[in-house]
Structures are given as structure tokens and as C-alpha cells.
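Notes for the structure review
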Amino acid sequence: MKNAMHKTLEPVDFKAKQAEFAAYIRDPDKNPPPADVKEQRVQMYRELFFNNIEGFLSGNFPVLKKILGESQWLTLAEDFFAKHQCQTPHFSEIPEEFLDYLQNECNSSEDYPFMLELAHY
Amino acid sequence: MDTTSFLFEGAGLGLRRQLIHQFLEAQPQEVSFFEVAPENWITIGGKYGKAFRAMTDRFNFICHGLSLSLGSTDPLDKTFILEVKQFMKEHNIKLYSEHLSYCSKNGHLYDLMPIPFTSEAVSHVAERIKRVQEIMEQKIAVENVSYYAAPGQEMSEIDFFNAVVEEADCNILIDINNIYVNSVNHQYDAETFLKAIPAQRIAYAHIAGHYKVAEDFLVDTHGADIIDPVWRLLGKAYELYGVFPTLLERDFNLPPLADLLTEVNIIRSMQSTWQTQHEKRYA
């Protein structure tokens, strides 16, 4: 009871809450879900967000997706979403963000030197 | 409510790229306004750009944004706001609406996250809305979003929503489906919520279908037909506040145009019914 009282008196740092929430959505393997909400609900957020991003990428890079195969493709899309800080507000420019990621942040591009070139198709 | 304050009357439809040529051909009379996400269209040229220009020449449009990230702790993107302003000017679009939400934290995540309902967040987001309105040189309309979790909640959703729009002095876009979805997901009474909104600020409304994950968990997909309780809630809103412009959102599982127009026509017939009721009442 004492703990519960203490909890309600402590003001919520909404900026920290937002950071925690977004971090979980980007990379649920490395970041815990917010403790004060149902896990099923934040998992749904993660699923919706990732499917949205993956949809943009697979629509724009069909050849790369086909060559990598489903599993490697998903790993790549997950890594992009976890690492890359997209700056563009325009959905049509997400492909440029992905190319930027492949060039500068993607560790596995050394394993697949053809990837960046292929991504243009 | 004073209906002359609305930009236009009647029923609207969210414009999807797949349907643009059908609209240009069919010129459906039942749709009195369309809505687009500027983030989908600002950068579009070529064939679709031309088709879009032909649409905005012929029909009324609203910009319904997705990337402004009003609640974010990332800085406001002034360049982007000016792009939207320019886009609206080029296409003679008079109204810009956005979500009471955030979609970025150290970069964009391209979907809507729930702002913690705290008093500190109220001031933060209200300041940002005011800043956007200054840059746009006009009021924007802010939408009640669907949310599946309320991290860091200190106050109720309605208290948060009302405090923000009051402090920002902005208009509102009331989403009827979102009220319903949230009322199920967070166990509150949808009509009580509806009765508490500052109706004098309503610019227009959204209505849409959703997906049922479980009895107590609905997801706002815009991918299905509108269900009866949501239609009834729209009727309740017209009863309480008079008729306001209402737009059908359908983003996934697009049915044939004729089916979309059937739902648009339901909106129109409800508007006409409640218009008559109100005229009788105040005659």
C-alpha cells in the first residue's frame, strides 16, 4: 500500500515514458515494454508499426526481398527499423532512408556486397 | 450549432491513389469533399500528380496529416510545416487536421503512438499546436486518436483532450470510430465521452470500420465496413450537436467504389434526417 501511494505521488515524466515506448516499438528484443500497460497491447503496437514499415520497404525493394528470402529480409527490415533514424516526413522518401541505412548502418552489407546495388531495383 | 461555420457540408471520402482515376471519371455527386495525407502527395509528380491536380481543381479537399508528430519530444519540423502550407495554397485547400499523438522519437516511426495523459504533456503539445497555427497562419483541427495502451496515465483521455484543445485554442476533428474503439479498449462509456467534447470546436468528423481482435480489444484498421454501434454513435452526435461534415475513411481492403458510396450515402441520409429533426425542434 505504501508503495502504491508513493507511486501515485511521483509525477510522470512523459518524455521518458515516450522514449521508453518508442524504444520498445523499434527494438522489442533489446528494450522492455512499459511496465504500466498490458503487454498484449504494446505487442500489437510493435506488430502494426513493423508491418507498416516492412510494407513500405517490400513495396519499394521487391527484388532485394526476393533474393534475400523471407527470413533474411525480415531480419534486415527489423534492423533498419531498430537502428535508422528516419528524418523524412514523406512516405515516398522512405526508400532513400533505407538506402542511407544500407550504406551507413547495416552491418550485414559486408556479407552481401551486392545488396546496395540491388536495392536500386 | 451554427452550420454556416463549416467550410463545406455533407459527406466526404478519404482519397486513395488506387481510386483517383475512377473518381475523375465518375465524378460522384454524393461526395462533397475529399481528404488526403500531404505526406503521400507533396512529393508526387507525373501521372498521379496531374490526376491529383485535376481532382483538387474539381472538388473540395482537406489535408489530413500523419507526420506532424504534435506530441513528440523531437523538434517541430518547420520546413515540413511550410511545405504543407505551400501545398495547401497550390491546391486551394483550406483545412489542415492532425492527430493528438506522436509518430517520432529520434526520427520517424510513421504511425501513431499514445501521448501519456499528463498535465506536463498537455502544455507541451498545446504549445506545439499553437506554434503550428502561427506558422500556418490558421487554426488546425486536432483529432482524438485510437490508442491501445495509456502509458504514464495521470488523467482521463477526455480531460487530456479537452485541456489540450482549450489551451491550444484549436479546432477539433472528432473521430466517431475512435471514440467507440477506445470506449471498448479502455472500458468507458462512448456517449459520456461524446457529451463532454467541446462541440463548438468541431470542424468535421471521421467515421470508419475497425477490426475485432477480442471482445475487449478492437484495432482501428480503416479496413472494414462501419458497424451499427458506430453508426448509432454518429446519430447521437448529430442529435446532440446538429449536423457537421463527416468523412468516411477506408484505407485497406478497399471495396468497389459503389460499396464505398453506399456508406457515404448512409452518412448523407443520416445528416438529412437529423437536419430535419433539428429544424422541426427549433421551428
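For the structure itself, look to the data block above.
Treat the numbers as computed from the prediction; the structure is a model and nothing was measured. (Residues numbered from 1 in each chain as written. Chains lettered and ligands numbered in written order. Predicted model: local features only at pLDDT ≥ 70, side-chain atom pairs only at ≥ 80, totals over all residues. Heavy atoms only, no water.)

Attention shifts here to the pattern of salt bridges. Residues and elements named next belong to chain B. Counted under the stated rule, the structure contains 18 salt bridges over all chains. Salt-bridge contacts for Lys139 lead to Asp169; the nearest nitrogen and oxygen are separated by 3.3 Å. With Lys139 in the loop between helix H5 (119–136) and strand E7 (141–143) and Asp169 in the loop between helix H6 (157–168) and strand E8 (171–175), this pair connects stretches of sequence that are 30 residues apart. Using a relative accessible area of 37% as the deciding quantity, one classes Lys139 as partly exposed. The salt bridge partner of Glu191 is Lys195, with a shortest N-O separation of 3.7 Å. Of this pair, Glu191 and Lys195 are both found in helix H8 (residues 190–196), 4 residues apart, which corresponds to roughly one turn of the helix. Here Glu191 falls in the partly exposed class, since its relative accessible area comes to 31%. Under the relative-accessibility criterion, Lys195 is labelled partly exposed at 48%. The network of salt bridges with common partners includes Lys139, Glu166, Asp169 and Arg201. (Salt bridge = Lys/Arg side-chain N within 4 Å of Asp/Glu carboxyl O. Helix = DSSP H or I, 4+ residues; strand = E, 2+ residues; numbered from the N terminus. Buried < 20%, exposed > 50% of the residue type's maximum accessible area, 1.4 Å probe, protein only.)

Moving on: the interface of chain A and chain B. Where interface size is given, it is often the accessible area lost as the parts come together that is meant. Counting from both sides, the interface comprises 34 residues of chain A and, opposite them, 43 residues of chain B. Both faces considered, chain A and chain B share a buried interface measuring about 3,400 Å² in area, 63% of it formed by carbon and sulfur atoms. There are 0 salt bridges connecting chain A and chain B. Where chain A packs against chain B, one counts 17 residue pairs in polar contact (both at pLDDT 80 or more). (Contact = heavy atoms within 4.5 Å. Buried area = accessible area lost by both parts, 1.4 Å probe. Polar contact = N/O pair within 3.5 Å; in protein donor to acceptor, adjacent residues only side chain to side chain.)

Residue and element names in this part refer to chain B. Taken in spatial order, the 8 strands line up as E1-E2-E3-E4-E7-E8-E9-E12 and close into a barrel, and their pairing is parallel. When strand polarity is set aside, the average angle formed by the axes of neighbouring strands in this sheet is 30°. The pairing of strand E1 (residues 11–14) with strand E2 (residues 33–36) spans 3 bridges and is parallel. The partner of Leu13 across the bridge, within E2, is Phe34. (Pairing = 2+ DSSP bridges. Axes fitted to C-alpha atoms, helices over the stretch in contact; angles between N-to-C directions.)

In this section: a nonpolar patch on the surface. Residues and elements named next belong to chain A. Where nonpolar side chains cluster on the molecular surface, the patch consists of Val63, Ile67 and Phe114 and spans about 230 Å² of accessible area. By secondary structure assignment, the location of Ile67 is in helix H4 (residues 62–68). In this structure Ile67 comes out as partly exposed when scored by relative accessible area, which is 49%. (Patch = residues over 30% accessible without salt bridge, like charges linked within 9 Å, V, L, I, M, F, W, Y side chains within 5 Å. Areas by Shrake-Rupley, 256 points an atom, 1.4 Å probe, with all protein chains shown as cover.)

In total, this model carries 2 cavities of 30 Å³ or more according to the counting rule given. Roughly 90 Å³ of volume is contained in the largest cavity. What lines the largest cavity is B:Leu100, B:Pro114, B:Ile115, B:Phe117, B:Asn144, B:Val145, B:Tyr147, B:Glu157, B:Phe160 and B:Phe161. By volume, the second largest cavity is sized at about 40 Å³. When residues of the lining of the second largest cavity are traced back to their parent elements, those giving at least two are helix H5 (70–83) of chain A together with strand E6 (108–113) of chain B. In the lining of the second largest cavity, the residues fall into 6 nonpolar, 2 polar and 1 charged. (1 Å grid on protein atoms, 1.4 Å probe; cavity = no way out; pocket = protein on both sides within 12 Å on 5 of 7 lines; lining within 4 Å. Points joined across faces, edges and corners; volume = space filled by probe spheres on them. Nonpolar A, V, L, I, M, F, W, Y, C, P; charged D, E, K, R; others polar.)

The calculated volume of the largest pocket comes to roughly 1,600 Å³. Taken together, 48 residues line the largest pocket, and the ones lying closest to its centre are A:Asn52, B:Arg16, B:Leu66, B:Asp251 and B:Phe252. Mapped by element, the contributors of at least two residues to the lining of the largest pocket are helix H3 (39–60) of chain A together with E2, helix H2 (38–41) and E6 of chain B. For the lining of the largest pocket, the element with the highest residue contribution is H3(A), accounting for 8 residues. When grouped by side-chain class, the residues that make up the lining of the largest pocket number 20 nonpolar, 16 polar and 12 charged. Computed from the structure, the second largest pocket encloses a volume of approximately 610 Å³.

All right, on to the packing of aromatic side chains then. Applying the stated rule across the entire model yields 23 aromatic pairs over all chains. Taking the centre distance of 5.4 Å and the plane angle of 75° together, the rings of A:Phe80 and A:Tyr101 count as edge-to-face. Linking A:Phe80 in helix H5 with A:Tyr101 in helix H6 (residues 94–104), this pair joins segments that are 21 residues apart in sequence. Each member of the pair, A:Phe80 together with A:Tyr101, is buried. With centroids separated by 5.5 Å and ring planes inclined at 15°, the aromatic side chains of B:Tyr188 and B:Phe193 adopt a geometry described as stacked. Grouping aromatic residues by their ring pairs yields a cluster made of B:Phe23, B:Phe34, B:Trp41, B:Phe52, B:Phe59, B:Phe61 and B:Phe87. Between the NZ or CZ atom of B:Arg17 and the centre of the ring of B:Trp41, over which it lies, the distance is 6.0 Å. If you follow B:Lys47 out to its NZ or CZ, it ends over the ring of B:Tyr48, 5.1 Å from the centre. (Phe/Tyr/Trp six-rings, centres within 6.5 Å; stacked < 30°, edge-to-face > 60°. Lys NZ or Arg CZ within 6 Å of the ring centre and 35° of its normal.)

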